[in-house]
Amino acid sequence: DAMVIQNPRYQVTQFGKPVTLSCSQTLNHNVMYWYQQKSSQAPKLLFHYYDKDFNNEADTPDNFQSRRPNTSFCFLDIRSPGLGDAAMYLCATSRVDEDSTDTQYFGPGTRLTVL
Amino acid sequence: AQSVAQPEDQVNVAEGNPLTVKCTYSVSGNPYLFWYVQYPNRGLQFLLKYITGDNLVKGSYGFEAEFNKSQTSFHLKKPSALVSDSALYFCAVRAFKSSARQLTFGSGTQLTVLP
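The sections below set out a description of the structure shown in this document. (Residues numbered from 1 in each chain as written. Chains lettered and ligands numbered in written order. Predicted model: local features only at pLDDT ≥ 70, side-chain atom pairs only at ≥ 80, totals over all residues. Heavy atoms only, no water.)

This part covers the interface of chain A and chain B. Counting residues at the interface gives 28 residues for chain A and 21 residues for chain B. When chain A packs against chain B, close to 1800 Å² is buried across both sides, 52% of that on carbon and sulfur atoms. Our enumeration of links across chain A and chain B arrives at 0 salt bridges. Put simply, chain A and chain B have 6 residue pairs in polar contact (both at pLDDT 80 or more) between them. Listing elements by their share of the side of chain A that touches chain B, those giving two or more residues are β4 (31-37), β5 (44-50), β9 (87-94) and β10 (105-106) of chain A. At 4 residues, β4 of chain A tops the list of elements feeding residues into the side of chain A that touches chain B. (Contact = heavy atoms within 4.5 Å. Buried area = accessible area lost by both parts, 1.4 Å probe. Salt bridge = Lys/Arg side-chain N within 4 Å of Asp/Glu carboxyl O. Polar contact = N/O pair within 3.5 Å; in protein donor to acceptor, adjacent residues only side chain to side chain. Helix = DSSP H or I, 4+ residues; strand = E, 2+ residues; numbered from the N terminus.)

Next up, the structure:
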């Protein structure tokens, strides 16, 4: 089945130690998103890639970076995690073209714990 | 600016009874409207969407939603609730044909179906 996959599902890191979260998709979608979700709140968009074009949200801290080496994969890098970065990180994908409705499909998420 | 309001943080309903989860929105122009469901420690699952056409939209797991333009509402409904429907529900909006990719989510409604 076509899907959005996130690895790992659970990640523990230490304060200040860089961490990378991974997302892959078999949907052949051209847009990939990263969201941060805390304590059952609404997901907050960090940034997205439209094909190779990176689009950062204005209030996303510089501590968060992303890479998309190819259509299928996208990474979220947290350069120096703080305690406040503990959250669920959600990857989503969508297909944007003239006929699409740009519905976003989400992966299962990675729960990040910062010690 | 676009916004979504889910006026109820918590909805409780008895199994077998009909359920309604409320959503109102604000957007410039015509909206794309979505409902997602989230189970504990999982990503968001797409339930249904309204783009255009019939105001009553049918989605996954027996859910449906009614678009009401005059009331700017998109309430989620199900004729007979199941215990397994207990989860966190998010309504989301995006402006029709907007070049901005961002979905605006409501704050979420925790649905509990009591056996």
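After that view, the rundown keeps rolling.
Take the packing of aromatic side chains next. Each pair of aromatic rings is reported with the distance of its centres and the angle of its planes. Applying the stated criterion across every chain yields a total of 18 aromatic pairs over all chains. Residues Y36 of chain B and F46 of chain B carry aromatic rings whose centres are separated by 5.9 Å and whose planes lie at 65 degrees to one another, so their mutual orientation is edge-to-face. Of this pair, Y36 of chain B sits in strand β5 (residues 31-38) while F46 of chain B sits in strand β6 (residues 44-50); the two residues are 10 residues apart in sequence, bridging distant segments of the chain. By relative accessible area, F46 of chain B is classed as partly exposed at 21%. Chaining the aromatic ring pairs together yields one cluster made of Y33, Y35, Y105 and F106 of chain A together with F34, Y36, F46, F90 and F105 of chain B. (Phe/Tyr/Trp six-rings, centres within 6.5 Å; stacked < 30°, edge-to-face > 60°. Buried < 20%, exposed > 50% of the residue type's maximum accessible area, 1.4 Å probe, protein only.)

As a further point, take the pairing of β5 of chain B. All names here are of chain B. Burial runs high along β5: 8 of the 8 residues are buried. Side chains of β5 alternate between two faces, with P31, L33, W35 and V37 and Y32, F34, Y36 and Q38 buried alike. Here β5 runs beside strand β10 (residues 87-95); their pairing, made up of 8 bridges, is antiparallel. Bridging from a neighbouring strand, L33 pairs with V93 of β10. The sheet contact formed by β5 and β6 spans 6 bridges and is antiparallel. In the strand pairing of β6, L33 is matched with Y50. (Pairing = 2+ DSSP bridges.)

This is a description of form; function is not addressed.
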